[in-house]
Amino acid sequence: MTQLRTLPDFLQHWAQEKPDSAAFIFRDKNQRRDVLTWASLYTLAGRFAAVLRDKGIARGDLVINTLPSSPERVVCEAGIWMAGAASVNGQCLMADGSDLLNTITQSHAPAILVDPDVTGSPWSVLKNHVVMDDGERMTSSQLACLKTVIFVRRVENEGRGDFIGQLKAQAEWYQTDDVKPEDVFSVFTTSGSTGFSKLVVRTQEPFIRFVESDSFSKLGIAGIWLNMQPMGWQGGTPAFTVIQGGTRVLCDMGAGVPEDMSQFLVTVIQEEKCNAAYMSPLYLAKLAETEDMTSSLHRLDSLLLAGYPVQQSMLKAGLKVARNVYVAYAATDFGMVAALMVTNSQTFTDHDSGQAVADVQVKIVSMQDESKPCATAQVGRILVKGPNMMKGYLNNPKATADAFTEDGFFRTGDLGRLDERGHLIVDGRGSDAITRGTYIFYPTWIEKCLRECPGVDDVIVVGVPDSLVNEELCACVALKSHDVSMEQVREFAEGMFVSKDDPLSACPRYFVKFESFPVTDTGKPQRKVIRAQAAQQLGLISSSD
């Protein structure tokens with residue numbers, strides 16, 4: 001399929017080759033089923049591209065997409081590509097919306113997509129910062145770049161029907177004819193040390209080349225595959241399916257989160273006859289919780305675990321539902337680096353990511369001097385270079401320059417080693433960052449937020465051990481007086497961040513009381529000691545560990 005070099009090319013190709021085949025299958029929390037065929041996706045995307053063009057969105061413009069994973073989000077993403085524009089993930093995890101406002105300001109995007117009717121909609125924050133006219137045009141002294149809010153409603157509004165229904169009734173259709181392989185197709189969000197996401201710019205050509213490569217095909221993620229990753233993150237982007245031409249099955253988050261995720265997943269895998277899946281350990285854990293459910297489950301051929309250090313316990317859970325588990329070391333910034341197929345958890349070493357994939361170079365260098373390579377099995381900083389690197393961080397040349405060495409290797413921020421087989425063993429972050437499943441959290445900004453709680457003297461946030469998600473967020477709290485309870489601190493935190501049930505939420509799962517914190521000779525908190533003490537209080541490690 002080498003003649004197809006852009007995402008609009010692929011959309012058109014599949015609409016012609018297999019118009020009635022399912023491209024995306026959505027199951028909502030009540031197991032209602034919604035299907036987008038390749039023909040319907042291409043038609044609806046072209047009509048949304050016409051809407052964007054009518055609103056002044058030109059080739060190369062950025063459009064912020066705040067929609068949850070849903071049919072509406074897929075149509076909008078595809079329509080943005082067909083208009084020659086690029087999407088920016090409009091993540092809103094802070095209750096005050098400060099992270100979304102920062103993304104709008106940093107991206108200079110002229111348009112934003114919101115569904116004002118969903119629970120916790122970013123519109124509830126954004127509407128306080130803009131002045132609307134009688135349509136979707138707006139002005140804002142704080143967000144000068146933003147000109148248009150496009151309401152993507154699932155429910156009918158003022159007799160105009162829902163978003164998909166409006167597109168079906170629309171005659172106008174558009175597809176720009178000058179999209180280039182070097183064009184940006186998406187700006188993904190990734191973790192930031194300030195609490196604000198870094199905006200990762202990805203262009204079409206290297207991403208398409210990777211999905212078409214042998215390295216990707218060897219992961220077994222093809223055919224009818226379940227992908228529960230958020231669409232605004234690289235691992236969940238609809239672009240994978242658009243390039244592959246397979247069928248992606250996922251939860252329609254526009255209708256809310258299922259109350260019983262394990263039962264939801266079992267039902268979906270069984271009824272859709274999924275042959276592969278890519279899910280975070282948060283969802284895998286729910287499947288493993290109920291062994292009798294998985295014993296009768298339609299068994300997957302392949303399960304991909306990527307984006308976090310994998311432990312043997314995760315492999316055991318994965319092999320209950322899949323014949324083969326693939327472990328991969330990958331990230332939004334630098335793509336996939338290494339991969340390993342596992343069929344027997346007993347042969348797996350914790351945090352093993354396998355050998356580097358084709359055309360990717362891995363270096364382990366000294367933590368004190370990155371010009372000095374480490375010997376075999378010696379832990380150091382992981383540097384990587386490959387064909388599927390990001391273009392850079394959006395409108396942040398300093399962060400982009402700081403991310404790379406002079407010879408073009410990306411500084412992953414992770415610590416690891418290469419064993420005698422050439423396998424990459426990832427030991428964790430080289431900073432205070434906490435890896436919870438596929439998500440990385442930097443504690444400093446979380447601590448700053450929690451210190452605003454009345455009665456709190458100080459807070460240190462650490463990651464405590466978890467067998468399935470690697471680490472859980474734990475707030476270690478020193479109080480000013482006994483008049484304040486830990487439950488009050490918890491309630492304060494839950495009001496500041498989005499729901500703790502959201503995998504992306506920075507709200508700590510544990511709260512542990514400390515009288516004081518151990519510090520170094522220079523007065524800095526001894527985070528490793530605090531982490532061990534918190535884990536012991538929680539019963540996650542014994543006093544002898």
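Up top you'll find the structure we're talking about.
Residues numbered from 1 in each chain as written. Predicted model: local features only at pLDDT ≥ 70, side-chain atom pairs only at ≥ 80, totals over all residues. Heavy atoms only, no water.

### Points about the pattern of salt bridges
Argument step 1. Tallied over the full model, the rule gives 26 salt bridges.
Argument step 2. The residue D458 makes a salt bridge to R451 at a minimum N-O spacing of 2.7 Å.
Argument step 3. Residue class for R451 comes out partly exposed when judged on its relative accessible area of 35%.
Argument step 4. By sharing partners, the salt bridges in this structure join R27, R33, E271 and E272 into a single network. (Salt bridge = Lys/Arg side-chain N within 4 Å of Asp/Glu carboxyl O. Buried < 20%, exposed > 50% of the residue type's maximum accessible area, 1.4 Å probe, protein only.)

### Points about the environment of A86
Argument step 1. Here A86 lies in strand β4 (residues 86–89).
Argument step 2. C-alpha separation for the pair A86 and V187, spaced 101 residues apart in sequence, amounts to 7.2 Å.
Argument step 3. Those residues within four positions of A86 in sequence are excluded, and the remaining contacts are D61, L62, V63, I80, V184, F185 and S186. (Helix = DSSP H or I, 4+ residues; strand = E, 2+ residues; numbered from the N terminus. Contact = heavy atoms within 4.5 Å.)

### Some points on the sheet that holds strand β18 (residues 361–365)
Argument step 1. Spatially, β18-β19-β21-β22 is the arrangement adopted by the 4 strands of the open sheet, whose pairing is antiparallel. Strand pairing shows two members of the sheet lacking a second neighbour, β18 and β22 (424–429), which therefore form its edges. This sheet shows a mean twist of 45 degrees between the axes of neighbouring strands, independent of strand direction.
Argument step 2. Pairing of strand β19 (residues 380–385) with strand β21 (residues 410–418) involves 4 bridges; the strand directions are antiparallel. Residue pairing across strands places R381 opposite L415, the latter belonging to β21. (Pairing = 2+ DSSP bridges. Axes fitted to C-alpha atoms, helices over the stretch in contact; angles between N-to-C directions.)

### Considerations on unusual backbone geometry
Argument step 1. Its identity as a non-glycine residue notwithstanding, H108 has a phi of 60 degrees, on the positive side.
Argument step 2. Checked against the element boundaries, H108 lands in the loop between α4 (98–107) and β5 (111–114).
Argument step 3. At N395, a residue that is not glycine, the phi angle is positive and equals roughly 50 degrees.
Argument step 4. Topologically, N395 is positioned in the loop between β20 (392–393) and α14 (397–403).
Argument step 5. Given a relative accessible area of 44%, N395 falls into the partly exposed group.

### What to know about helix α2 (residues 38–54)
Argument step 1. In this model, α2 (17 residues) spans 24 Å end to end at C-alpha, consistent with the 24 Å of a helix rising 1.5 Å per residue.
Argument step 2. In terms of residue burial, α2 counts as a mostly covered element, since 12 of its 17 residues are buried.
Argument step 3. Considered for burial, the residues of α2 that qualify are W38, L41, Y42, L44, A45, G46, R47, F48, A49, A50, V51 and L52.
Argument step 4. Just downstream of α2, G56 is the residue with a positive phi angle, here 90 degrees. (Expected span 1.5 Å × (residues − 1).)

### Overview of helix α17 (residues 527–537)
Since the α-helix advances by 3.6 residues per turn, residues separated by three or four positions end up pointing in the same direction.
Argument step 1. Among the residues making up α17, those that are buried are R527, I530, A534 and A535. All buried residues of α17 fall inside an arc of 130 degrees around its axis, so they share one side.
Argument step 2. Those residues of α17 hidden inside the fold are in contact with α15 (443–450), β25 (456–466), β26 (470–479) and β27 (510–513).
Argument step 3. G539 sits one or two positions beyond α17 and adopts a positive phi of about 75 degrees. (Arc of directions from axis to C-beta.)

### Considering the state of the cysteines
Argument step 1. Taken as a whole and assessed by the stated rule, the structure comprises 0 disulfides.
Argument step 2. C507 provides the cysteine sulfur closest to C453, a residue in no disulfide bond, and the two sulfurs are 12 Å apart. (Disulfide = S-S within 2.5 Å.)

### With respect to the packing of helix α1 (residues 7–17) against α2
The description of two helices packed together rests on the angle between their axes and the distance between the axes.
Argument step 1. Running from amino to carboxyl end, α1 crosses α2 at an angle of 135 degrees, the nearest separation of the two axes being 8 Å. As far as their axial angle goes, α2 and α1 are oblique. For α1 against α2, the interelement crossing comes out left-handed. For the pair formed by α1 and α2, the contact residues are L11, Q12, W14 and A15 on the first element and W38, A39, L41 and Y42 on the second.
Argument step 2. Of the residues that constitute the contact of α1 with α2, the class distribution is 7 nonpolar, 1 polar and no charged. (Parallel < 35°, antiparallel > 145°, perpendicular 65-115°, else oblique. Left-handed = near helix turned anticlockwise from the far one by under 90°. Nonpolar A, V, L, I, M, F, W, Y, C, P; charged D, E, K, R; others polar.)

### Digging into the sheet that holds β4
Argument step 1. Pairing is mixed across the open sheet formed by 7 strands, whose spatial order is β8-β5-β3-β4-β9-β10-β20. Strand pairing shows two members of the sheet lacking a second neighbour, β8 (148–151) and β20, which therefore form its edges.
Argument step 2. Relative to β4, strand β3 (residues 62–65) is paired through 4 bridges, and the arrangement is parallel. What sits directly across from V63, in β4, is S87.

### With respect to the packing of aromatic side chains
Argument step 1. On inspection of all chains with the given rule, the structure shows 15 aromatic pairs.
Argument step 2. Aromatic side chains Y42 and W173 sit 5.4 Å apart centroid to centroid with 70 degrees between the ring planes, which places their arrangement in the edge-to-face category. In this pair, Y42 sits in helix α2 while W173 sits in the loop between α6 (163–168) and β9 (184–190), placing the two residues 131 residues apart along the sequence.
Argument step 3. W173 sits in the partly exposed class, given a relative accessible area of 39%.
Argument step 4. On the basis of an interplanar angle of 55 degrees and a centroid distance of 5.0 Å, the ring pair of F207 and F240 is categorised as tilted. Here F207 is found in helix α7 (residues 204–211), whereas its partner F240 is found in helix α9 (residues 239–244), with 33 residues between them in sequence.
Argument step 5. An aromatic cluster is present here, built from W81, F185, F188, F207, F210, F216 and F240 joined pairwise through their rings.
Argument step 6. The side chain of K363 reaches across the aromatic face of F409, ending 4.3 Å from its centre. (Phe/Tyr/Trp six-rings, centres within 6.5 Å; stacked < 30°, edge-to-face > 60°. Lys NZ or Arg CZ within 6 Å of the ring centre and 35° of its normal.)

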